[in-house]
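# Structural description and commentary
What follows is each chain in one-letter form.
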Amino acid sequence: MADRMLQFTTMPQHQPDKRDTAARVADFDEIYRDFAVPLAEAQSSRCSQCGVPFCSIHCPLNNNIPDWLKLTAEGRLDEAYEVSAATNNFPEICGRICPQDRLCEGNCVIERGFESVTIGAVERFITDHAFTQGWVKPVAPRQELSQSIGVVGAGPGGLAAAEELRRRGYQVHVYDRHDRVGGLMMYGIPGFKLEKDIVLRRWRLLEQGGIVFHLNTEVGTDVTFAELRARHDAVLLATGVYQARDIGGPGSGLPGIVASLDFLIASNRKGLGDEVPGFDSGLLDAAGKHVVVIGGGDTAMDCVRTSIRQGAASVSCLYRRDRANMPGSFREVTNAEEEGVRFVWLSAPEAFLGDNHVNAVRAVHMRLGLPDASGRQSVEVVDGSHFNLQADLVIKALGFDPEPLPQLWGQEALAVTRWGTLKVNHTSFETSLPGVFAAGDIVRGASLVVWAIRDGRDAAARIHAYLQPSARTSAMLAAAE
Ligand code: FAD
Ligand code: SF4
Ligand code: SF4
């Protein structure tokens, strides 16, 4: 057991070991190994216990990071778990998939000169350890309330809100069009970043806590939005963003050009043992193919690395800016490079070639120009720089927009922003419809799991304040702080 903190001057950073590249591309298991207890305790002791902890400030959940690091360093792992779980419904998930280099670890004060404390890995360790010790229990409300709340969407935003509302004693019903709980944590994010058992064990726990799941239930089709409002005292919309941004140009309708989420959902379902016609027919299977992925975000990284694991003949990633300006996490780019992905920076597609099926992408090189109004460098085509990339499968990973819920649900009074996200009062989380709240990507646009959890927790507090007038004053005071 480490007996004191501030060990960073003598103890180097040790991130969890990665599995050997050859082994990890042969399956869909997570690539990082678990921390053993002594290593987690030792790495925690590197923290300098800052009076103003920038790590916590830059964590969307404002986790009490120095506190749980100190408790871990002292071997008080049950207490570390309690502190960690107090601010985060799924710490083991955030520890795995948060882009820590941009959030907590990127802002750790010892980052410059000594490399940050391994915050994400310790957070993951604490809760994984708590699960093995049997410390993680289903939520147990102190009293049962008669009011019921309908949550639409079983992604991290909906689940975090559901757990917090159940904790307060409400009857919570979660509706999802999928057959499993987890949203993008189940069907978007691949197993090599987040193994599905991790999500499944949370699902079991939430059910044990009394949350009722209505799966294979699409709001707008299987149940109308009006019915849902009539059934419940309040409704939370946490439906995420799913409309894939498309790409135009000659040949863009050719067979063999697919949307990223279709590709990833098929792969995740296959891994879960489902029958997936699109995969079994070969359309969504990269095996033996020359794959070109278009985009530079985390979804693109997931597509290239999934293609490698499916046995693609080659995998290239086409992105119109350079490495330094890509939106994806640097850690993920490094992982992809190690696994054999070829990045074609500063390149954009112009056309897709082929007769009955795509066989190549015609691309052009770009250069970075002057910064635009947002401060981001514009991109310009380099004249005469065309080239062809062989491609049997092209995956479009250009981001997502919200589905038009007001039109889909016949609810013209449900106000949206100019980006199509739901308009909410940012203090109350209430939409333009009374008693209807919203949280997660459907409010923020495509974002992160940790932000969806934060929004879900905050929305739960506001719904409680809406339903229990006595709670309103304290919620308002908290918001004013
Ligand atoms: P979602 O997770 O999208 O959940 C919404 C749920 O609502 C879904 O289950 C959906 O089926 C359901 N739903 C939608 N409409 C209806 C309806 N009409 N009726 C019933 N149910 C409905 N974030 C990270 O932090 N780290 C990562 O590494 C990361 N990787 C990602 C990789 C990919 C490929 C993608 C696409 C996203 C990734 N993200 C990552 C982003 C993250 O997954 C999302 O920000 C987060 O899941 C949003 O949570 P949410 O609860 O708002 O929505
Ligand atoms: Fe870091 Fe994410 Fe954990 Fe916050 S939730 S401490 S940002 S890994
Ligand atoms: Fe510890 Fe780094 Fe946070 Fe400071 S910023 S409290 S050193 S983890």
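Residues numbered from 1 in each chain as written. Chains lettered and ligands numbered in written order. Predicted model: local features only at pLDDT ≥ 70, side-chain atom pairs only at ≥ 80, totals over all residues. Heavy atoms only, no water.

### Side note on the site of ligand 3
- Neighbouring residues of ligand 3: Cys47, Ser48, Cys50, Cys55, Pro66, Leu69, Cys108, Val109, Val117 and Ile119.
- Here the shell around ligand 3 is composed, by residue class, of nine nonpolar, one polar and no charged. (Near = heavy atom within 4 Å. Nonpolar A, V, L, I, M, F, W, Y, C, P; charged D, E, K, R; others polar.)

### Thoughts on the sheet that holds strand E10 (residues 347-353)
- Taken in spatial order, the three strands of this open sheet run E10-E11-E12, and their pairing is antiparallel. Strand pairing shows two members of the sheet lacking a second neighbour, E10 and strand E12 (377-390), which therefore form its edges. Going across the sheet, the axis of each strand differs from the next one's by a mean of 20 degrees, ignoring polarity.
- Summarising the sheet, strand E11 (residues 360-371) and E12 pair through nine bridges and their orientation is antiparallel. From the neighbouring strand, Ala363 faces E12, where its bridge partner is Phe387. (Pairing = 2+ DSSP bridges. Helix = DSSP H or I, 4+ residues; strand = E, 2+ residues; numbered from the N terminus. Axes fitted to C-alpha atoms, helices over the stretch in contact; angles between N-to-C directions.)

### What to know about the packing of aromatic side chains
- Throughout the structure, instances matching the rule amount to four aromatic pairs.
- When the ring of Phe437 is compared with that of Tyr466, the centres are 5.4 Å apart and the planes differ by 75 degrees; the resulting orientation is edge-to-face. One end of the pair, Phe437, is in strand E15 (residues 436-438); the other, Tyr466, is in helix H19 (residues 449-467), with 29 residues separating them in the sequence.
- Taking relative accessible area as the criterion, Phe437 reaches 1% and is therefore assigned buried.
- For Arg309, the ring lying beneath its charged end belongs to Phe192, and the centroid distance is 4.0 Å. (Phe/Tyr/Trp six-rings, centres within 6.5 Å; stacked < 30°, edge-to-face > 60°. Buried < 20%, exposed > 50% of the residue type's maximum accessible area, 1.4 Å probe, protein only. Lys NZ or Arg CZ within 6 Å of the ring centre and 35° of its normal.)

### Concerning the domain arrangement of the protein chain
- Along its sequence, the protein chain is carved into domain 1 (2-133), domain 2 (148-241 + 402-480) and domain 3 (247-396).
- Domain 2 and domain 3 are separated by 31 Å when their C-alpha centres are compared.
- If you look at the interface, domain 2 gives 13 residues, while domain 3 gives twelve residues.
- Between domain 2 and domain 3, the buried area comes to about 1,100 Å², and carbon and sulfur atoms account for 57% of it.
- Of all residues in domain 2, Tyr187, Phe192 and Lys193 bury the most surface against domain 3, accounting for 48% of the area lost on that side.
- Our count for the contact surface shared by domain 2 and domain 3 stands at three salt bridges.
- With a shortest N-O distance of 3.0 Å, Asp302 and Lys193 are connected by a salt bridge. (Domains from an automatic or database assignment. Contact = heavy atoms within 4.5 Å. Buried area = accessible area lost by both parts, 1.4 Å probe. Salt bridge = Lys/Arg side-chain N within 4 Å of Asp/Glu carboxyl O.)

### Things to note about the site of ligand 2
- Taken together, 13 residues lie near ligand 2, and Cys59, Cys98, Gln100, Cys104 and Glu123 sit nearest.
- Residue classes in the shell around ligand 2 are distributed as nine nonpolar, three polar and one charged.

### Overview of a nonpolar patch on the surface
- There is a patch of nonpolar side chains on the surface, built from Val52, Phe54, Ile57 and Val109 and spanning about 350 Å² of accessible area.
- Relative to the assigned elements, Phe54 resides in helix H3 (residues 54-57).
- What makes Phe54 partly exposed here is its relative accessible area of 39%. (Patch = residues over 30% accessible without salt bridge, like charges linked within 9 Å, V, L, I, M, F, W, Y side chains within 5 Å. Areas by Shrake-Rupley, 256 points an atom, 1.4 Å probe, with all protein chains shown as cover.)

### Regarding the pairing of E11
- In this sheet, E11 lies alongside E10 in antiparallel orientation, the contact comprising six bridges. Bridging across to E11, Leu353 finds its partner in Ala360.
- Between E10 and E11, which pair antiparallel and follow one another directly, the connecting turn spans six residues, one of which, Gly354, has a positive phi of 145 degrees.

### Description of the sheet that holds strand E7 (residues 290-294)
- Here we have five strands laid out as an open sheet, ordered E6-E13-E7-E8-E9, and parallel in their pairing. Lying at the two open borders of the sheet, with one neighbouring strand each, are strand E6 (257-259) and strand E9 (342-344). The average angle at which neighbouring strand axes cross in this sheet is 25 degrees, direction not considered.
- Here E7 pairs with strand E13 (residues 393-396) via four bridges, running parallel. What sits directly across from Val291, in E13, is Leu393.
- Most of the contacts of helix H13 (residues 260-271) go to E6, to which it runs at about 75 degrees, and overall it touches E6 and E13.

### Notes on helix H2 (residues 37-44)
- Restricting attention to buried positions, one finds in H2 the residues Ala40, Glu41, Ala42, Gln43 and Ser44.
- Among the structural elements, helix H4 (65-73), helix H5 (77-87) and helix H8 (119-133) are those in contact with the buried residues of H2.

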